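One letter stands for each residue in the lines below.
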Amino acid sequence: MRRAPSVRAVVRFPRLAHPPAQGTKRGFTSHPLTARPAVTLADLAGRPFILTTAGCRPLIMGAALTAQVRLDVAFEASGPAAILEMVAAGLGVSIVPTLGLPADLSTVVTRPLEPKMTRSLALAVPSADDCAPTARAFLDQLGAFTL
């Protein structure tokens, strides 16, 4: 019996999503964080925060605890699309995984989060050599994210 190779993908959290500098659905004309090249967790303190209910929640809350920053959680949502819609509507700021960002971010602005947060994801397959062609193609695509 062959052991399946471990496949790891790192999901980075280097982005802060918040209303763009040049208007959104609610007519925002500026946001103080858009002028910064990067933001910290401390920069988010005191602002309405949209917290994920998905797997990134412990990472975000743990980082805030370590940094001794209290996030003002105003809303919670499970998926990146819902979070980005809430941000675009001007309901708050959020931290979202780069891997979860859509190609078109016309309704929000992102900024790198410092320090960067990462987490490891694992994918288990019975055998990388004997899996279906679609699974093999997926594993090949993951190679771009593998450490």
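Preceding block: the structure.
Quick caveat: nothing in here was measured; it's all calculated off a predicted structure.

### Considerations on the pairing of strand β4 (residues 72-77)
In this structure, strand β3 (residues 48-52) lies alongside β4, joined through 5 bridges in parallel fashion. Within the sheet, the bridge partner assigned to F49 lies in β4 and is V73. You can see the chain leave β3, run along helix α2 (residues 57-66) and come back into β4, and the turn it takes is right-handed.

### Side note on α2
Residues I60, A63 and A64 constitute the buried set of α2. Seen from one end, α2 has its buried residues packed into an arc of 100°, which puts them on one side. Residues P58, L65 and T66 are exposed on α2 and point more than 90 degrees away from its buried face. Looking at the buried positions of α2, the neighbouring elements they touch are α1 (41-44), β3 and β5 (94-96). Phi for Q68, located one or two positions after α2, is positive at around 55°.

### A look at unusual backbone geometry
Of note, the amide linkage connecting E114 to P115 takes the cis form, showing an omega dihedral of -5°. Mapped onto the secondary structure, P115 falls in the loop between β6 (109-111) and β7 (118-123). Here Q68, not a glycine, exhibits a phi torsion of approximately 55°, which is positive. Along the chain, Q68 falls in the loop between α2 and β4.

The rules behind each value
Residues numbered from 1 in each chain as written. Predicted model: local features only at pLDDT ≥ 70, side-chain atom pairs only at ≥ 80, totals over all residues. Heavy atoms only, no water. Pairing = 2+ DSSP bridges. Helix = DSSP H or I, 4+ residues; strand = E, 2+ residues; numbered from the N terminus. Right-handed = clockwise from strand over helix to strand, strands pointing away. Buried < 20%, exposed > 50% of the residue type's maximum accessible area, 1.4 Å probe, protein only. Arc of directions from axis to C-beta. Contact = heavy atoms within 4.5 Å.

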